[in-house]
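Okay, here's what each chain looks like letter by letter:
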Amino acid sequence: MLRLLLVLLAATAIAADEAVPTHLKVKASFTRLDKDGKPEIYAEPTVITVDGKQTTIRVGSADEGVVFTVTPKVNQDGTLTLEADLESREAPPAPAAAP
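None of these values were measured; they are calculated from a predicted model. Numbers given to residues run from 1 along each chain, matching the order in which its sequence is written. Confidence filtering applies because this is a predicted model: local features only for residues at pLDDT of at least 70, side-chain atom pairs given and counted only at 80 or more, and all residues used for totals across whole chains, interfaces and linings. Hydrogens and water molecules were not included; the side-chain quantities draw on all heavy atoms of the structure.

Trainee: Got a minute to help me understand the overall build of the chain in this structure?
Mentor: Helix and strand definitions here come from DSSP, where helices need a minimum of 4 consecutive H or I residues and strands a minimum of 2 consecutive E residues; each element is numbered from the N-terminal end. Helix and strand counts for the chain stand at zero helices and seven strands. Secondary structure elements of the chain occur, N-terminal to C-terminal, as β-β-β-β-β-β-β. Burial status follows relative accessibility: with a 1.4 Å probe on protein chains alone, a residue under 20% of its type maximum counts as buried, one over 50% as exposed, and anything between as partly exposed. Here the chain, with 99 residues, has 24% of them falling under the buried criterion. Contacts: residue pairs with any heavy atoms within 4.5 Å of one another. Residue pairs at least 24 apart in sequence account for 35% of intrachain contacts in the chain once pairs closer than 6 positions are excluded. Here the Shrake-Rupley method, with its probe set to 1.4 Å, supplies the accessible areas, and only the displayed protein chains count as covering residues. For the chain, the accessible area works out to roughly 6,800 Å², and carbon and sulfur atoms hold 52% of it.

Right, dumping it as structure tokens:
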């Protein structure tokens, strides 16, 4: 079973010549417990997205892991607002073995 925890989310605005940036770099850090029960970094994905456009970060496999969806918004005063949704998926249980 894969258990991940999102521990850090950072968004950085990328501006070319615009006063208000239109592109953002979103970075998430996911940790899990190692075999000794100590936290370890599992993944640190980064995506570039556009102001107001939803983007998805997937960590793990199709059956288990985390699907993190974020929509960044650059406000007129230059601050950032993030709408985020986190979905955790666990692999279905293995079928019982026949006796």
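Now that the structure has been shown, the text picks up again.
Trainee: I would appreciate a short explanation of the sheet that holds strand S5 (residues 55-60) in the present structure.
Mentor: Sheet strands associate in pairs through backbone hydrogen bonding, adopting either a parallel or an antiparallel arrangement. The pairing criterion is simple: DSSP has to find at least two bridges between the two strands. An order of S5-S6-S7 is seen for the three strands of this open sheet, with the pairing classed as antiparallel. Two strands in the sheet have a free side with no partner beyond their single neighbour: S5 and strand S7 (80-89). Put simply, the sheet's adjacent strands are angled 20° from each other on average, direction ignored. Bridge count between S5 and strand S6 (residues 65-74): six bridges; the pairing is antiparallel. Across the sheet, residue Gly60 finds its bridge partner in S6, namely Gly65. Comment: axis = line fitted to C-alpha atoms, over the contacting stretch for helices; angle = value between 0 and 180 degrees taken between N-to-C directions.

Trainee: I tried to follow the side chain of Thr71 on my own but got confused; where do I start?
Mentor: Along the chain, Thr71 turns up in strand S6. In contact with Thr71, not counting residues within four places along its chain, are Gly52, Lys53, Gln54, Thr81, Leu82 and Glu83.

Trainee: Just to check I follow, could you spell out the pattern of salt bridges for this structure?
Mentor: Between side chains of opposite charge, a pair can form when the charged atoms approach closely. By definition here, a salt bridge exists when the distance from a side-chain nitrogen of Lys or Arg to a carboxyl oxygen of Asp or Glu is within 4 Å. In this structure the tally under the stated criterion is two salt bridges. Close ionic contact of Arg89 with Glu87 constitutes a salt bridge, the shortest N to O distance being 3.0 Å. Look at Arg89 and you get partly exposed, because its relative accessible area is 31%.

Trainee: Explanation requested: the nonpolar core in the structure shown.
Mentor: Grouped burial of nonpolar side chains is what soluble globular proteins tend to show. To form a nonpolar core, buried Ala, Val, Leu, Ile, Met, Phe, Trp, Tyr and Cys residues must be joined to one another through side-chain atoms within 4.5 Å. With ten residues, the main nonpolar core is built from Val26, Ala28, Phe30, Ala43, Val47, Ile57, Val59, Val66, Phe68 and Val70. Sorting the residues of this core by element identifies strand S2 (23-33), S5 and S6 as the ones contributing at least two each.

Trainee: Got a minute to help me understand the environment of Asp34 in this structure?
Mentor: Within the secondary structure, Asp34 is located in the loop between S2 and strand S3 (39-43). Counted as a polar contact is a pair of N or O atoms within 3.5 Å, where, for protein atoms, one must be capable of donating a hydrogen and the other of accepting one, and residues adjacent in sequence contribute only when both atoms are in side chains. From its side chain, Asp34 meets the backbone nitrogen of Asp36 in a polar contact 2.9 Å long.

Trainee: Can you walk me through the side chain of Thr49 in this structure?
Mentor: Position of Thr49 relative to the elements: it lies in strand S4 (residues 46-50). For Thr49, a relative accessible area of 5% puts it in the buried group. A distance of 3.1 Å separates a polar side-chain atom of Thr49 from the backbone oxygen of Lys53. Apart from residues lying up to four places away in sequence, Thr49 is in contact with Thr22, His23, Leu24, Val26, Thr55 and Pro72.

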